[in-house]
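Read off the chains here:
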Amino acid sequence: QVQLVESGGGLVQAGDSLRLSCAPSGRTFTMAWFRRAPGKERMFVAAVHWIGDRTYYADSVKGRFTISRDNAKNTLYLQMNSLKPEDTAVYYCAARRIALPYSDSPGQYDYWGQGTQVTVSS
């Protein structure tokens, strides 16, 4: 079982930036970030393919967030710029255990982190 350890959440003001990190304990393939706002379902944020740098984003974060992975450090990142109050949520790192393409469905991911809180004040 691969463990995903997230870090980097916090309380910021609108317009600020944050960078989330996720460190898997073993081999993973496509990795993604999801988020769950209060009273809402877990929603796709961004994903990165395990080969190359192909990335995918939800429309709500496109142009503001950047997902990346450092294979040498085996770490996934989510750089979040121009944060808005509506970005407030618990952010989860997710990974697939076999070589399948990206998906925006939480059910398609095998490993999950514990979540890190991001709060953006207006």
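See the structure printed just above.
Residues numbered from 1 in each chain as written. Predicted model: local features only at pLDDT ≥ 70, side-chain atom pairs only at ≥ 80, totals over all residues. Heavy atoms only, no water.

(A) Here's a closer look at the side chain of Thr116. Its place among the elements puts Thr116 in strand E11 (residues 116-121). Polar side-chain contacts of Thr116 include one of 3.2 Å to the backbone nitrogen of Gly9. The contacts of Thr116, once residues within four sequence positions are left out, are Glu6, Gly8, Gly9, Leu20, Ala89, Val90 and Tyr91. (Helix = DSSP H or I, 4+ residues; strand = E, 2+ residues; numbered from the N terminus. Polar contact = N/O pair within 3.5 Å; in protein donor to acceptor, adjacent residues only side chain to side chain. Contact = heavy atoms within 4.5 Å.)

(B) Summary view of the nonpolar core. If you look at the biggest cluster of nonpolar residues, it comprises 34 residues, and the most contacted ones within it are Trp33, Leu78, Met80 and Tyr91. Mapped by element, the contributors of at least two residues to this core are strand E3 (18-24), strand E4 (31-36), strand E5 (42-48), strand E7 (65-70), strand E8 (75-80), strand E9 (89-95) and E11. In contact with Leu78, not counting residues within four places along its chain, are Leu18, Arg19, Leu20, Trp33, Val45, Ala46, Phe65, Thr66, Ile67 and Tyr91. (Core = buried A, V, L, I, M, F, W, Y, C linked by side-chain atoms within 4.5 Å. Buried < 20%, exposed > 50% of the residue type's maximum accessible area, 1.4 Å probe, protein only.)

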